Amino acid sequence: MNTALLAGAMLLAGMPASPALSASASTSAAPADTSGKALFMKPVALRGMLGDAQIQVTLRTKEPAEDGIEGEYFVFGGSHRVLLAGEVEGQEVFMEESENGTDVSGQWDGKLAGETLTGEWQSADGKIKKPFSLRIVRAEDKGSPGQNGRAAGQGKQQ
């Protein structure tokens, strides 16, 4: 226990923990780094629906990767980008959004299943809730947003 406290204090002070402590910490965390976190090691674009709005989301791991994921999204037909930051635990994805870069404007609670991320978005005050369904965009899928949404079965308005 004292070793763990020392390692924590060293990290808070900006000093690297000993290699032995780092190795044991990384091996215990490795099994949790399955497909969910691995998906975002490189930037990933997802397209789909947030309520009745067609959106595109871009997500990537933060630096350092242990700090979770970050990215942004926009609604097709609009130029405003909304910032995203959160974490992945197994197949669960939790994110907060910020329209102004400071205040939380919404929360995303989703689950990965293959190349699809589905779940529920809610406003910061919890009064507005909307379903979302996003699908990873591959290079060969990059066409017009309407075509991709229909091809993925998501072009129908909800």
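Being a predicted model, the structure only gives us computed values, none of them experimental.

So, how was this worked out
- Residues numbered from 1 in each chain as written.
- Predicted model: local features only at pLDDT ≥ 70, side-chain atom pairs only at ≥ 80, totals over all residues.
- Heavy atoms only, no water.
- Helix = DSSP H or I, 4+ residues; strand = E, 2+ residues; numbered from the N terminus.
- Buried < 20%, exposed > 50% of the residue type's maximum accessible area, 1.4 Å probe, protein only.
- Contact = heavy atoms within 4.5 Å.
- Pairing = 2+ DSSP bridges.
- Axes fitted to C-alpha atoms, helices over the stretch in contact; angles between N-to-C directions.
- Phe/Tyr/Trp six-rings, centres within 6.5 Å; stacked < 30°, edge-to-face > 60°.
- 1 Å grid on protein atoms, 1.4 Å probe; cavity = no way out; pocket = protein on both sides within 12 Å on 5 of 7 lines; lining within 4 Å.
- Points joined across faces, edges and corners; volume = space filled by probe spheres on them.
- Nonpolar A, V, L, I, M, F, W, Y, C, P; charged D, E, K, R; others polar.
- Core = buried A, V, L, I, M, F, W, Y, C linked by side-chain atoms within 4.5 Å.
- Salt bridge = Lys/Arg side-chain N within 4 Å of Asp/Glu carboxyl O.

A. Just the overall build of the protein, in detail. Along the backbone of the protein there are 4 helices and 8 strands. Going from the N terminus to the C terminus, the protein shows its helices and strands as α-α-α-β-β-β-β-β-β-β-β-α. Across the 158 residues that make up the protein, the buried fraction comes to 31%. Summarising the internal contacts of the protein: among those between residues at least 6 apart in sequence, 29% fall at separations of at least 24.

B. Expanded view of the sheet that holds strand E1 (residues 44-50). Reading around the barrel, the 8 strands line up as E1-E2-E3-E4-E5-E6-E7-E8 and close back on themselves, with antiparallel pairing between neighbours. On average, each strand axis in the sheet is inclined to that of its neighbour by 30°, with strand direction left out of account.

C. Seen up close, the packing of aromatic side chains. Applying the stated rule across the entire model yields 3 aromatic pairs. Ring plane angle 75° and centroid distance 5.2 Å describe the contact between Tyr73 and Trp108, whose orientation is recorded as edge-to-face. One end of the pair, Tyr73, is in strand E3 (residues 69-75); the other, Trp108, is in strand E6 (residues 106-113), and 35 residues separate them in sequence. Through a chain of ring-to-ring contacts, three or more aromatic side chains come together here, namely Tyr73, Trp108 and Phe132.

D. Spatial organisation of the layout of surface pockets. For the second largest pocket, the calculated volume is near 190 Å³. Taken together, 13 residues make up the lining of the second largest pocket; nearest its centre are Leu50, Tyr73, Val75, Glu99 and Lys130. A per-element tally of the lining of the second largest pocket places E3 first, with 3 residues. Taken together, the residues that form the lining of the second largest pocket break down as 7 nonpolar, 2 polar and 4 charged.

E. Summary view of the nonpolar core. In this structure, Leu46, Val57, Leu59, Tyr73, Trp108 and Leu134 are the most contacted members of the largest nonpolar core, which totals 21 residues. At the level of secondary structure, the elements contributing two or more residues to this core comprise E1, strand E2 (53-61), E3, strand E4 (81-89), strand E5 (92-98), E6, strand E7 (116-123) and strand E8 (129-136). If we skip the residues at most four places from it in the chain, Val57 touches Val44, Ala45, Leu46, Glu72, Tyr73, Leu84 and Leu134.

F. Inspection of the pairing of E2 at higher detail. Inspection of the sheet shows E1 paired to E2 by 7 bridges, in the antiparallel sense. Paired with Leu50 across the two strands is Ala53, which belongs to E2. In textbook terms, the turn of a hairpin is the stretch between consecutive antiparallel strands, and for E1 and E2 this stretch comprises 2 residues, one of which, Gly51, has a positive phi near 65°. Where E2 meets E3, 7 bridges bridge the pair, whose relative direction is antiparallel. Within the sheet, the bridge partner assigned to Ile55 lies in E3 and is Val75.

G. Local environment of the pattern of salt bridges. According to the stated counting rule, one finds 3 salt bridges in the structure shown. The partner of Arg60 in a salt bridge is Glu70, with the nearest N and O atoms 3.8 Å apart. Pair noted here: Arg60 is in strand E2 and Glu70 is in strand E3, with a separation of 10 residues, a long-range link. The class of Glu70 is partly exposed, set by a relative accessible area of 30%. Between Lys111 and Glu92 there is a salt bridge; the shortest N-O distance is 3.7 Å. Of this pair, Lys111 sits in strand E6 while Glu92 sits in strand E5, and the two are 19 residues apart along the sequence. Its relative accessible area of 47% is what places Lys111 among the partly exposed residues. Taking the relative accessible area as the measure of exposure, Glu92 reaches 28% and is therefore partly exposed.

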